[in-house]
Amino acid sequence: GEDVEQSLFLSVREGDSSVINCTYTDSSSTYLYWYKQEPGAGLQLLTYIFSNMDMKQDQRLTVLLNKKDKHLSLRIADTQTGDSAIYFCAEKGAGNNRKLIWGLGTSLAVNP
Amino acid sequence: DGGITQSPKYLFRKEGQNVTLSCEQNLNHDAMYWYRQDPGQGLRLIYYSQIVNDFQKGDIAEGYSVSREKKESFPLTVTSAQKNPTAFYLCASSISGQVSTDTQYFGPGTRLTVL
C-alpha cells in the first residue's frame, strides 16, 4: 500500500535553515501537504503543492518536489524557537477517496 | 469566525464507560474525519464521512462509532470495546469535489484519559 516516510528528529540552531524531508510511494499523488503541530494542539496547515509543480515558496517556507524520486522537502529559512514543533508530511492519491496518507512526523528542535 | 471546534479539551472516563467526543464545523465542508494520535505513531484514521448520513471505516475503526446526521457535526463515540482508548483525538474537515485539493483543516483536539 501507499506509504509516507519522514525522519523522526531534526535539531537546528536558531537562525539556521531547517530542511525536513519526506518520501512517498504513491506515483499517482495529486497533492502533497505540510502540517505543523505544536504541543497539545491540533494540526495547522502550512502549505501544499500540486504534483505538477517543482517548487512553491511562501515567506520563510520553500517546498521542493522531486516527482521522479518521490521526494518532498520543506525548508524553513531563519528558523526561530517558535518553529519548534512536529511537522507532518501527507499525500493525496488520484482517486475519489478523500483519505490522506500521513508520515509519522518530524520533531524539530530549535536551539538558541 | 469560521473553524472547527472540539469539546472538551480534556476528558476523563472510567474503564467500561462509553464516551462521546464532539466535533462541530462552520466551514460548510462536506467531508469530516476522526483521527487518533498516540506518541510516536503519527495520525491514524478512525472514521470519515464524505457526505451527510454516510460514513466509512478508516484504518482503526474497531471499538468506535460515529454518526453524521448534520453537515456541521460528526460526533465520535469511544465504546467500552475499544481496548486502549487513552489517546489524543483529532477531528478534521475538508471541501469535497472534483477540483478540491482536499486540504484538511483540524480542530484543537480532545485528550481522552481512561482511568
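Draft legend 1. Just the pairing of strand E6 (residues 55-58) of chain A, in detail. Pairing of E6(A) with strand E7 (residues 61-66) of chain A involves four bridges; the strand directions are antiparallel. Bridge assignment links A:Asp58 to a residue of E7(A), and that residue is A:Leu61.

Draft legend 2. Main features of the interface of chain B and chain A. Each partner contributes to the interface: chain B provides 27 residues, whereas chain A provides 19 residues. Summing both partners gives a buried area of about 1,800 Å² for chain B against chain A, and 53% of it is carried by carbon and sulfur. By the criterion of area lost to chain A, the three top residues of chain B are B:Leu43, B:Thr101 and B:Asp102, representing 25% of everything that side buries. Summed over the shared surface of chain B and chain A, the result is one salt bridge. With a shortest N-O distance of 3.8 Å, A:Lys99 and B:Asp59 are connected by a salt bridge. At the boundary of chain B with chain A, the tally comes to five residue pairs in polar contact (both at pLDDT 80 or more). Listing elements by their share of the side of chain B that touches chain A, those giving two or more residues are strand E4 (31-37), strand E5 (43-51), strand E9 (87-94) and strand E10 (105-106) of chain B.

Draft legend 3. Quick peek at the state of the cysteines. Residues and elements named next belong to chain B. In total, this model carries two disulfides over all chains according to the counting rule given. Here Cys23 connects covalently by a disulfide to Cys91, the sulfurs 1.9 Å from one another. Here the disulfide of Cys23 and Cys91 is left-handed, its torsion about the S-S bond being about -75 degrees. Residue Cys23 is located in strand E3 (residues 19-25), and its partner Cys91 is located in strand E9; the two are separated by 68 residues in the primary sequence.

Definitions and cut-offs
Residues numbered from 1 in each chain as written. Chains lettered and ligands numbered in written order. Predicted model: local features only at pLDDT ≥ 70, side-chain atom pairs only at ≥ 80, totals over all residues. Heavy atoms only, no water. Pairing = 2+ DSSP bridges. Helix = DSSP H or I, 4+ residues; strand = E, 2+ residues; numbered from the N terminus. Contact = heavy atoms within 4.5 Å. Buried area = accessible area lost by both parts, 1.4 Å probe. Salt bridge = Lys/Arg side-chain N within 4 Å of Asp/Glu carboxyl O. Polar contact = N/O pair within 3.5 Å; in protein donor to acceptor, adjacent residues only side chain to side chain. Disulfide = S-S within 2.5 Å.

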